[in-house]
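An overview of the molecular structure
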Amino acid sequence: MVDTFNTVWLDNLPVMARVSDSTGACVYVNNPWQNFTGNVLNHEKGDGWKQSIHPDDKEKYLENLKSAIKEGKEYSFELRLKKKNGDYHWFVDSGKPLYDPLGKYVLFVSVYTDVSNTKKHEEELNSSLEGKEVLLREIHHRVKNNMAVVAGMLDLHMDYVNSPSDREIFLACQSRVLSMALIHEKLYRSETLSKINFKNYIEDLVKKVRASYMDRTGSITVKIEADNTELDLERAMPCGLILNELITNAFKHAFNNLEKGEIIIGFFSKIGKYTLFVSDNGIGIEDDSQLNSSATLGYTLVAALTKQLDAMMEVDKTKGLMVKFTF
Amino acid sequence: MAKILVVEDDMILALVLKKNLEKLGHTVLEVQSSGHGAIDAVSTSRPDLIIMDIKLMGSIDGIQTMIEIRKFSEIPVIYVSGNSDESIKLKAEATESSEFMSKPVDLFELKERINKALELSSEKKK
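In this text, all values refer to a predicted model and were calculated from it rather than measured experimentally. Along each chain, residues carry numbers from 1 onward, in the same order as the chain's sequence is written. As a convention, the first chain written is A and the first ligand written is 1, with the rest following in written order. Where local features are concerned, this predicted model is filtered to residues with pLDDT of at least 70; where side-chain atom pairs are given and counted, the filter is 80 or more; whole-chain, interface and lining totals use all residues.

Here we look at the overall build of chain B
What chain B contains, in helices and strands, is five helices and five strands. Principal-axis analysis of the C-alpha atoms places the extent of chain B at approximately 35 × 30 × 30 Å. Expressed as a percentage of its 126 residues, the buried residues of chain B come to 38%. Working definition of a contact: two residues with C-beta atoms, positioned from the backbone, lying within 7 Å. In chain B, 60% of the contacts between residues at least 6 apart in sequence involve partners at least 24 apart. Numbering of helices and strands runs from the N terminus, with a helix taken as a DSSP run of H or I at least four residues long and a strand as a DSSP run of E at least two residues long. Between the buried cut of 20 or more and the exposed cut of 12 or fewer other C-beta atoms within 10 Å of a residue's own C-beta lies the partly exposed class, and all C-beta atoms are placed from the backbone.

If you want it as structure tokens, here you go:
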């Protein structure tokens, strides 16, 4: 089946090669194959060659090979083969059917390329990436914990502050730190370590802000209208801080003298554009200058963060107040 | 109101916790930063409730500490952890009479959890 001419060029190939008939039985292995495995041709013929396949790869590889030979299709599979010294090397087996002059499929030639070094580098790279991922996760965890400590210190400091307006400043600072800490908490739990599910973040942020202003939030309901868009760290941080300011502001001022109120927070993305809004059905504001006022740190921060996001801010005072950002 | 043992390795967070617990009307008997310290404190101070961090100073963590405490006490415990992975929560739940909270601690949630833990504990004793 494999004539002398063919065995000569097969034996002179710089890679290992094996030839099987159309039933899948091995009819020839070249010299490089015999040198690598330490097995002679007669041993490898038929099913003998299969003894060199790594036990973990055997079942899947042979199954794939069988169907490729049956269908007479070219293929490329990875497997480990045993060297004569007992070591296993990784190979890529590339196979191709050969046809006789009448177009009848008669043989299958499989060429084995040693990719052990590439595999080793790949494994080292993966292991190094895994290590870096663990480290990054740990850093986000620690940043979050350290921010919780900062928030804790502000909490302790509040005991030494008598003026209610000064206490508000401490509370606002604490809330800002916690809104940033929450981003890191979400990041270290995220799969990618670079993006977070922002809807999930909004839900938790609302709980935290509500807890900070517990005495004023009892009759206020909060509705979140958001899709499951993920947001990267660069945008999540300013968005989180903006939301913290607007939600806090709504809880504190939007429903003065009103028995109940509703805050709606929206976040969604469409064709690469994000929309974020906070609206309330409260008493509203008299004029836009309040929003542009540099007298309140909250709105100064919102203006700065809007710029950072390269976002467009729109204000609607038709009913209560709605502040919308598109970026 | 309850007598509480706080087990926390971060002393700033322990101070905040102590302050908030006192704000809720409870008494913090002592603050321990290690598992072995906590085990001794449960035997000597006899608190009504433990608030336990998972990561502690010393050789045993909060869950292992509770496994040791369970050998001689059914005291309720509220775990407060910076890591709320499901596997850790499951291990914590296995120590019985436990509640689990993530850091940073929400005062409102803490109040609810303490009430729940104390109620369950008094029902058990009846």
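There is more to say after this.
Regarding the overall build of chain A
What chain A contains, in helices and strands, is 10 helices and 12 strands. Atoms considered for the radius of gyration are the C-alpha atoms alone. The globule rule reads 2.2 Å times the number of residues to the power 0.38. Taken against the 2.2 N^0.38 rule, which gives 20 Å for 327 residues, the C-alpha radius of gyration of chain A at 34 Å runs more than 25% over that of a compact globule. Each principal axis of the C-alpha atoms in chain A carries an extent, and together these give about 100 × 45 × 30 Å. A burial count over chain A gives 29% of its 327 residues as buried. Of the contacts formed within chain A by residues at least 6 apart in sequence, a portion of 59% connects residues at least 24 apart.

Focus on the sheet that holds strand 7 (residues 220–226) of chain A
All names here are of chain A. Strand pairing is assigned whenever DSSP detects at least two bridges linking the two strands. Read across the sheet, five strands follow the order 7-9-10-12-11 without closing on themselves; strand pairing throughout is mixed. The sheet terminates laterally at strand 7 and strand 11 (312–316), the two strands that pair on one side only. Direction aside, the axes of adjacent strands within the sheet are offset by 10 degrees on average. Only the stretch in contact is used when a helix axis is fitted, and all axes are lines through C-alpha atoms; the angle between N-to-C directions ranges over 0 to 180 degrees. On top of the sheet, helix 8 (residues 233–254) reaches strand 7, strand 9 (261–270), strand 10 (273–280) and strand 12 (321–326); it is set at about 15 degrees to strand 10, its chief contact.

A word on the sheet that holds strand 4 (residues 77–81) of chain B
Each strand in a sheet pairs with its neighbour through backbone hydrogen bonds, running either in the same direction (parallel) or in the opposite one (antiparallel). Residue and element names in this part refer to chain B. If you walk across this open sheet you meet the five strands as 2-1-3-4-5, and the pairing is parallel. Among the strands making up the open sheet, the edge pair consists of strand 2 (27–32) and strand 5 (98–102). For this sheet the average axis-to-axis angle between neighbouring strands, irrespective of direction, equals 20 degrees. Taken together, the four bridges between strand 3 (residues 49–53) and strand 4 define a ladder with parallel strand orientation. Across the sheet, Met52 pairs through a bridge with Tyr79, a residue of strand 4. Strands in contact with helix 3 (residues 62–69) are strand 1 (3–7), strand 3 and strand 4; relative to strand 3, the strand with the most contacts, it is inclined by about 150 degrees. Contacts between helix 4 (residues 86–93) and the sheet are confined to strand 4 and strand 5, with strand 5 contributing the most and set at about 155 degrees to the helix.

Notes on the interface of chain A and chain B
Of the residues lining the interface, 16 residues belong to chain A; the matching set on chain B comes to 12 residues. Elements represented by at least two residues in the side of chain A that touches chain B include exactly helix 5 (116–157), helix 6 (164–189) and helix 7 (198–212) of chain A. By residue number, the principal contributor to the side of chain A that touches chain B is helix 5 of chain A, which donates nine residues. In terms of residue class, the side of chain A that touches chain B is made up of nine nonpolar, three polar and four charged. Only Asp, Glu, Lys and Arg are considered charged, only Ala, Val, Leu, Ile, Met, Phe, Trp, Tyr, Cys and Pro nonpolar, and every remaining residue, Gly among them, polar.

Focus: the nonpolar core
With 73 residues, the main nonpolar core has Leu243(A), Ile247(A) and Ile51(B) as its most contacted residues. The dominant element in this core, judged by the number of residues it contributes, is helix 8 of chain A, at 10 residues. With sequence-adjacent residues up to four places away left out, Ile51(B) is seen in contact with Ile4(B), Val6(B), Val7(B), Leu17(B), Ile78(B) and Val80(B). A set of buried Ala, Val, Leu, Ile, Met, Phe, Trp, Tyr and Cys residues, joined through C-beta atoms within 7 Å, is what we mean by a nonpolar core. By size, the runner-up hydrophobic cluster in this structure holds 14 residues, among which are Met16(A), Ala17(A), Val29(A) and Tyr112(A).

What about the environment of Arg70(B)?
Residues and elements named next belong to chain B. Structurally, Arg70 is set in the loop between helix 3 and strand 4. When the C-alpha positions of Arg70 and Ile4 are compared, they lie 17 Å apart, and in sequence the two are 66 residues distant. For Arg70, the residues in contact, after removing those within four places along its chain, are Thr95 and Glu96.

Some points on the pairing of strand 2 (residues 26–29) of chain A
Residue and element names in this part refer to chain A. Here three bridges tie strand 1 (residues 16–21) to strand 2, and the two strands are oriented antiparallel to one another. Bridging from a neighbouring strand, Arg18 pairs with Val29 of strand 2. Two successive antiparallel strands, strand 1 and strand 2, enclose a turn made up of four residues, where Gly24 displays a positive phi of approximately 100 degrees.

A closer look at the packing of helix 2 (residues 35–45) of chain B against helix 3 of chain B
Residue and element names in this part refer to chain B. At a closest axis distance of 9 Å, the pairing of helix 2 and helix 3 adopts a crossing angle of 30 degrees. Considering the angle they form, helix 2 stands roughly parallel to helix 3. Two packed elements cross with a definite hand, and for helix 2 against helix 3 that hand is right-handed. For the pair helix 2 and helix 3, contact is made by Gly35, Ala38, Ile39 and Val42 and by Gly62, Gln64, Thr65, Glu68 and Ile69, respectively. The class makeup of the residues in the contact of helix 2 with helix 3 is four nonpolar, four polar and one charged. Should an angle lie under 35 degrees it is considered roughly parallel, over 145 roughly antiparallel, and from 65 to 115 roughly perpendicular; all remaining angles are considered oblique. Crossing chirality is assigned from the near helix's rotation relative to the far helix, an anticlockwise turn below a right angle marking it left-handed and a clockwise turn marking it right-handed.

Focus on helix 5 (residues 107–125) of chain B
Residue and element names in this part refer to chain B. For helix 5, spanning 19 residues, the distance from its first C-alpha to its last is 27 Å, which sits close to the expected 27 Å at 1.5 Å a residue. Listing the buried residues of helix 5 in full gives Leu110, Arg113, Ile114 and Ala117. For helix 5, the angular spread of buried residues about the axis comes to 100 degrees, placing them on one side. Away from the buried face of helix 5 by more than 90 degrees, exposed residues Asn115, Glu119, Ser122 and Glu123 are located. In a helix, the anticipated span is given by 1.5 Å times the number of residues less one. For this quantity, the arc is that covered by the directions from the helix axis to the C-beta atoms.

With respect to the domain arrangement of chain A
By the assigned domains, chain A splits into domain 1 (2–114) and domain 2 (120–326). Segment limits for the domains were obtained from an automatic or database-derived domain assignment. Taking only C-alpha atoms into account, the centre of domain 1 of chain A sits 61 Å from that of domain 2 of chain A.

Some words on helix 5 of chain A
Relative to the 62 Å expected for 42 residues at 1.5 Å per residue, helix 5 of chain A spans 61 Å between its end C-alpha atoms, a close match to the ideal helical length. Taken as a whole, helix 5 of chain A has its buried residues at His140(A), Lys144(A), Met147(A), Ala148(A), Ala151(A), Gly152(A), Leu154(A) and Asp155(A). As for helix 5 of chain A, its buried residues are in contact with helix 6 of chain A together with helix 1 (11–23) of chain B.

Thoughts on the pairing of strand 1 of chain B
All names here are of chain B. Taken across its five residues, strand 1 has four buried, putting it largely inside the fold. Looking at chain direction, strand 1 and strand 2 are connected through five bridges and run parallel. Bridge pairing in strand 2 links Val6 to Val31. Crossovers are marked right-handed if the path from the first strand over the helix to the second runs clockwise, as seen with the strands pointing away from the viewer. Taken together, strand 1, helix 1 and strand 2 constitute a β-α-β crossover, and its handedness is right-handed. Bridging between strand 1 and strand 3 involves four bridges; their strand directions are parallel. Along strand 3, the bridge assignment pairs Val7 with Met52.

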